Structures are given as C-alpha cells and as structure tokens.
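# Notes for the structure review
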Amino acid sequence: MPDLKSMIITDKVPRHIAIIMDGNGRWAKQKGMPRVLGHRNGVKSVREVTEGAGEIGVEYLTLYAFSTENWNRPAMEIKALMGLLVDTIKSEISSLNKNNVRLMTIGDIQALPPDSYQALLDGIETTKNNTGLTLVLALNYSAKWEILRAARALAEQSASGKLRPEDIDEKVFEGALSTNGIPDPELLIRTSGETRISNFLLWQIAYTELYFTPVFWPDFDKKELFQAVVSYQRRERRFGMISEQI
Ligand code: FPP
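Here's a quick rundown of the structure. Numbers given for residues are sequential positions, taken from 1 along each chain in its written order. pLDDT decides what is reported in this predicted model: residues at 70 or higher carry local features, side-chain atom pairs at 80 or more are listed and counted, and totals for whole chains, interfaces and linings draw on all residues regardless. Excluded from the side-chain calculations are hydrogens and water; all other atoms, namely the structure's heavy atoms, are used.

### Re the site of the ligand
Note the following rule: Whether a residue is near a molecule or strand depends on its heavy atoms: it is near if one of them lies within 4 Å of it. Here, Shrake-Rupley sampling with a 1.4 Å probe gives the accessible areas, and only protein chains in the shown set may cover a residue. Using protein atoms alone on a 1 Å grid, points that fit a 1.4 Å probe yet trap it form a cavity, whereas open point sets bounded by protein on both sides within 12 Å along at least five of seven lines form a pocket; residues with an atom within 4 Å of a point count as lining. In this description, a molecule resides in a pocket or cavity if more than half of its atoms sit within 2 Å of the grid points defining it. Note on conventions: DSSP H or I runs of at least 4 residues are helices, E runs of at least 2 residues are strands, and numbering of each starts at the N terminus.
Around the ligand sit 17 residues in total, of which Asp-22, Gly-25, Arg-26, Arg-35 and Arg-73 are the nearest. Taking 630 Å² as the accessible area of the ligand by itself, protein coverage stands at 92%. Given that more than half its atoms are within 2 Å of the pocket grid, the ligand belongs to the largest pocket. Elements with a contribution of two residues or more to the shell around the ligand: α1 (24-30), α2 (35-56) and α3 (75-98).

Structure below.
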C-alpha cells in the first residue's frame, strides 16, 4: 500500500476541508446494530480526521454534524445525537486544547437543547486562543437558513439607512454569513456513496472540488482523508480560466 501521507504535496494542502459525514445508520444496519451505535462509531472518525487534518496542515475543517432537516428524525435518535455531542465535547476538550485546536460552530446553536448549547459555548471559550486547526462544527445548520439570515440582516441595515443596496457586493454578503472570516473550502468530501450537497455551504462551495467516496463515515479514517487530499491535488483548478493561464 502506498504511503498516502508522503504523497501529499505539502504546499498544496487545502486550507479548508468541509465534510458531509454520512452513512452512520447504514454502517450500523449492515452490522445488525442500532443506528445510534453507528453515530457512536462516527465520533471515532471525527477524532481521526481532526488529527489527520492537523498533521498535514489544514487550517479549517468543517463537519456537517446536524442539519436543520435532521430534526425530522425519530426523537430517540435526536436525543442520542445531542447526548453524543455533549459527551464528546466534554471528553475531548482537553485533548483539543492540548493539540492547539480551536473549536467553532456555524448554525443556530441557541436552538439546541440547553446542555448541548452550554457544552459548545464552554468548548469555544476554552479553545478560543488556540492557533492550530480550526474545527468548525455545523450544527442546526443549513445553507438556505444561513443565506436567508444574511439577506435579512443586510435588508435591516439597508432599511435603517446604514447600508446602501448598491454597496452590497460579494465581500459584504460574505461578511453577513456565519462563515465570515473563514476561507471558502477548496475540498468538500461526502461519504457513503451519496452525491448530493444537502443544503450544506451553498454559497461557499461555488468553486470547491467535490470528492465522493462510498466509504461509510464510521470507516472513514486518516488514510481515507489523505486519499481525498491526494485526489484533490491531482486536479487542475481553473476558476473559469484556461490551463495556460494558471
Ligand atoms: C449521517 O449518518 C450522520 C449524522 C446525521 C450525524 C453525524 C454525527 C456524528 C458523527 C456524531 C457526533 C458528532 C460530533 C461532531 C461529536 P446518517 O445517520 O445519515 O446515516 P444513514 O444515511 O446511513 O442513515
């Protein structure tokens, strides 16, 4: 097996990788286990991938952990996911801190159960001065929610005379998104063989390279991450130009 890590070109590592973690339920079903065990094993992958991203010098890792649409799942599964979130943040925070990881979130986290919200605030506060990898958890997030929120905020500023409509350009609009200050992802990974975006980062992925793998999230490890980065580095990103201009 080739050493995937050594195949990565260090000065071409994506600054920002975003991941749609999918397939926990099917992974569990395949093994005759309850879905919740799929999520629990998914946490191992979160740890692996966070470590791996830090090792190769990724600056931002955004993980789609809970979408606004996920509220439609059975109450028991939602409860288990929220419990897992709190437990994981509490048990991992010292390790994140030791590894210089800064925790951030995007999404409407105030609408999460109070203990989840509190655990997130504590985690964000504890790690806020760290300068290594920024781990962005997308929680109670959807891209349409975020874009509407931005449009509303800008409309309010405009209505109150603080902002002229003609001054709303890409930069101003981006400033109103929850990813304000975070570079757009160069690479978006979705596991489990699904090839959809599912309301994730619609504005920010305008020029992002997409990588789909059949591997279920609980089986996605460092090796799989490095494989995705190698695949990304073999592509030519033209941003609408022709090869000779790059
Ligand atoms: C998708 O699998 C996964 C989720 C909706 C949740 C992901 C959550 C975790 C990995 C655990 C908690 C996260 C953190 C950051 C601590 P699915 O349930 O949609 O799988 P399926 O499509 O096979 O049913």
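### A few points about the sheet that holds strand β1 (residues 16-20)
Selection rule: At least two DSSP bridges between two strands are required for those strands to pair. Lines fitted to the C-alpha atoms define the axes, with helices restricted to the stretch that makes contact. Angles between their N-to-C directions range from 0 to 180 degrees.
Read across the open sheet, the six strands follow the order β3-β4-β2-β1-β5-β6; overall the sheet is parallel. Bordering the open sheet on either side are β3 (102-106) and β6 (209-212), each of which pairs with just one other strand. Neighbour-to-neighbour, the strand axes of this sheet turn through a mean angle of 20°, independent of strand direction. Sheet topology places strand β2 (residues 60-67) next to strand β4 (residues 134-141); seven bridges connect them, and they run parallel. Looking at β4, one finds that Tyr-60 is bridged to Thr-134.

### Focus on unusual backbone geometry
The backbone phi angle of Asn-100 is positive, close to 65°, even though this residue is not glycine. Looking at the element boundaries, Asn-100 is found in the loop between α3 and β3. One non-glycine residue, Asn-140, adopts positive backbone phi at about 50°.

### Notes on the pattern of salt bridges
The cut-off we apply is this: By convention in these notes, a salt bridge is any Lys or Arg side-chain nitrogen within 4 Å of a carboxyl oxygen on Asp or Glu. Residue exposure (1.4 Å probe, protein chains only): buried if accessible area is under 20% of the type maximum, exposed if over 50%, otherwise partly exposed.
Inspection of every chain in the model, using the stated rule, returns 16 salt bridges. Across the salt bridge formed by Glu-59 and Arg-15, the nearest N and O atoms sit 3.0 Å from each other. Here Glu-59, found in the loop between α2 and β2, pairs with Arg-15, found in the segment before β1; they are 44 residues apart in sequence, far enough to count as distant. The exposure class of Glu-59 is partly exposed, given its relative accessible area of 33%.

### Looking at the environment of Leu-37
Mapped onto the elements of the fold, Leu-37 is located in helix α2. The sequence separation of Leu-37 and Leu-187 amounts to 150 residues, and the corresponding C-alpha distance is 28 Å.

### Comments concerning the layout of surface pockets
Counted only if it meets this: Grid points are joined across faces, edges and corners, and a volume is the space filled by probe spheres set on the points. Each residue is assigned to one of three groups, with Ala, Val, Leu, Ile, Met, Phe, Trp, Tyr, Cys and Pro labelled nonpolar, Asp, Glu, Lys and Arg labelled charged, and all others, Gly among them, labelled polar.
Empty space within the largest pocket amounts to approximately 1000 Å³. What lines the largest pocket is a set of 46 residues, and nearest its centre among them are Met-21, Val-46, Tyr-64, Ala-65 and Trp-217. For the lining of the largest pocket, the elements supplying multiple residues, two or more each, are α1, α2, β2, α3 and β4. For the lining of the largest pocket, a count of residues per class yields 21 nonpolar, 15 polar and ten charged.

Nothing here speaks to function; it is geometry throughout.
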